[in-house]
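Here are the chains, one letter per residue:
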Amino acid sequence: DAGVTQSPTHLIKTRGQQVTLRCSPKSGHDTVSWYQQALGQGPQFIFQYYEEEERQRGNFPDRFSGHQFPNYSSELNVNALLLGDSALYLCASSPDRNNYGYTFGSGTRLTVV
Amino acid sequence: TQLLEQSPQFLSIQEGENLTVYCNSSSVFSSLQWYRQEPGEGPVLLVTVVTGGEVKKLKRLTFQFGDARKDSSLHITAAQPGDTGLYLCAGQSTNAGKSTFGDGTTLTVKP
């Protein structure tokens, strides 16, 4: 049973560019959350998608946007990249109304130069 | 804003020693999770605690949720090099709500 799959694993972009990261949730999970993890810090919540809608959003600017597809997979888009956007981007899936934690993917390492 | 503070930030011990790491908050959580993360990987869920005062054991790891559901601890008995990693706690306030993470404790167990 495949867990959470993220692509690409690594990415290098230039300041001002745009990036799209992709996530396929674990089988049976319908809720997808995205987190940003800077070096030496814990994951910071970006937003959560359920039924193709953004259900909750963390303290991130509008440059960060997302989408969820009918098959529950999700994309994270970041526009006008800044050097400070360099981080590990983690996708986490869970069943809806879940209070028992997430299954995380291995992440996408984004480097902005 | 809910904050989770983890201590210590770094811990380096010899194989066979015991250790405890802590996760504290001023907020009440409906559930709290502990994860372990290795370099270049995503966090892996170890346990979820939901009841105040709850104690859960996972082999040599013992997890406790505070009575007021604001804090938690992780105790490892007879640590092994394979226990090396970043230990993260995360709290959820509502069902299906976001998880708020601490910054973690980096544990190194030397052979």
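As a reminder, the structure under discussion sits directly above these lines.
Positions within a chain are numbered from 1, following the residues in the order the chain's sequence is written. Here chains are named by letter from A upward and ligands by number from 1 upward, in the order in which they appear as written. Totals for whole chains, interfaces and linings use all residues, but because this is a predicted model, local features are given only for residues with pLDDT of at least 70 and pairs of side-chain atoms are given and counted only at 80 or more. Computation of side-chain values: all heavy atoms of the structure, hydrogens and water removed.

J.: Which residues make up the interface of chain B and chain A, and what are the values?
T.: Any two residues having at least one pair of non-hydrogen atoms within 4.5 Å are treated as being in contact. Facing the 24 residues of chain B at the interface are 22 residues of chain A. By definition, the buried area sums, over both parts, the 1.4 Å-probe accessible area that each loses when the two are put together. Taking both sides of the interface into account, the surface hidden between chain B and chain A amounts to around 1,800 Å²; carbon and sulfur atoms contribute 47%. The term salt bridge refers to a pairing of a side-chain nitrogen on Lys or Arg with a carboxyl oxygen on Asp or Glu at a separation within 4 Å. Our count for the contact surface shared by chain B and chain A stands at 0 salt bridges. Any pair of N or O atoms that falls within 3.5 Å is considered a polar contact. Within protein, one atom must be able to donate a hydrogen and the other to accept it, and sequence-neighbouring residues count only if both atoms are side-chain atoms. On inspection of chain B and its partner chain A, the count reaches 8 residue pairs in polar contact (both at pLDDT 80 or more). We count a stretch as a helix when DSSP gives it H or I for four or more residues in a row; a strand needs E for two or more, and each element gets its number in order from the N terminus. Mapped by element, the contributors of at least two residues to the side of chain B that touches chain A are β4 (31-37), β5 (44-49), β9 (85-92) and β10 (99-101) of chain B. Residues that form the side of chain B that touches chain A fall into these classes: 8 nonpolar, 13 polar and 3 charged. Residue polarity follows a fixed list, in which Ala, Val, Leu, Ile, Met, Phe, Trp, Tyr, Cys and Pro are nonpolar, Asp, Glu, Lys and Arg are charged, and the others, Gly among them, are polar.

J.: So what's going on with the state of the cysteines? Which residues, and what values?
T.: Two cysteine sulfurs form a disulfide in these notes if their separation is within 2.5 Å. In this structure the tally under the stated criterion is 2 disulfides over all chains. Across a sulfur-sulfur distance of 1.8 Å, A:C23 and A:C91 are joined as a disulfide pair. Sign of the S-S torsion, about -65° for the bond between A:C23 and A:C91, identifies this disulfide as left-handed. Here A:C23, found in strand β3 (residues 19-24), pairs with A:C91, found in strand β9 (residues 87-94); they are 68 residues apart in sequence, far enough to count as distant. Accessibility assignment for this pair places A:C23 and A:C91 in one class, buried. In this model, B:C23 is linked to B:C89 through a disulfide, with the two sulfur atoms separated by 2.0 Å. Disulfide B:C23 to B:C89: torsion about the S-S bond roughly 80°, handedness right-handed. Throughout, exposure labels follow a simple rule: accessible area from a 1.4 Å probe, protein chains only, divided by the maximum for the residue type, with under 20% read as buried, over 50% as exposed, and the rest as partly exposed.

J.: Residues and numbers for the environment of A:G3, please.
T.: Residues and elements named next belong to chain A. Secondary-structure assignment places G3 in the segment before β1 (5-7). Residue class for G3 comes out partly exposed when judged on its relative accessible area of 32%. Sequence spacing of G3 and F104 is 101 residues, and the spatial spacing of their C-alpha atoms is 7.9 Å. In contact with G3, other than residues within four places in its own chain, are S24, P25 and K26.

J.: Any details on the nonpolar core? Residues and values, ideally.
T.: For this analysis, a nonpolar core means a set of buried residues of the types Ala, Val, Leu, Ile, Met, Phe, Trp, Tyr and Cys, connected via side-chain atoms within 4.5 Å. Core analysis: the biggest nonpolar cluster contains 20 residues, and B:L19, B:L32, B:W34, B:L74, B:I76 and B:L107 have the highest contact counts within it. When residues of this core are traced back to their parent elements, those giving at least two are β3 (19-24), β4, β5, β7 (61-65), β8 (71-76), β9 and β11 (105-110) of chain B. Beyond its immediate sequence surroundings of up to four residues, B:L107 is in contact with B:L11, B:I13, B:L19, B:I76, B:D83, B:T84, B:G85 and B:Y87. By size, the runner-up hydrophobic cluster in this structure holds 19 residues, among which are A:Y49, A:V78, A:A87 and A:L110.

J.: Residue-level account of the sheet that holds strand β8 (residues 74-78) of chain A, with values.
T.: Residues and elements named next belong to chain A. Strand pairing is assigned whenever DSSP detects at least two bridges linking the two strands. Read from one edge to the other, the open sheet built from 4 strands follows the order β1-β3-β8-β7, with strand pairing classed as antiparallel. Lying at the two open borders of the sheet, with one neighbouring strand each, are β1 and β7 (64-68). Direction aside, neighbouring strands of the sheet carry axes that sit 15° apart on average. With 5 bridges connecting them, β7 and β8 associate as antiparallel partners. Across the sheet, the residue bridging to G66 is L76, located in β8. Between N-to-C directions, angles span 0 to 180 degrees; the directions come from axes that are lines fitted to C-alpha atoms, helices contributing only their stretch in contact.

J.: Explain the side chain of B:Q6 to me, using residue names and the numbers behind them.
T.: Residues and elements named next belong to chain B. In this structure, Q6 sits in strand β1 (residues 5-7). The buried category is assigned to Q6, whose relative accessible area is 12%. From its side chain, Q6 meets the backbone oxygen of Y87 in a polar contact 3.0 Å long. Polar side-chain contacts of Q6 include one of 3.1 Å to the backbone nitrogen of C89.

J.: I'd love a proper account of the pairing of β3(A), names of residues and values included.
T.: Residue and element names in this part refer to chain A. Examined bridge by bridge, β1 and β3 share 3 bridges and lie antiparallel to one another. Residue pairing in the sheet places Q6 in a bridge with C23 of β3. As judged from the 5 bridges shared by β3 and β8, these two strands associate in the antiparallel manner. Bridge pairing in β8 links R22 to E75.

Purely spatial values, then, with no claim about function.
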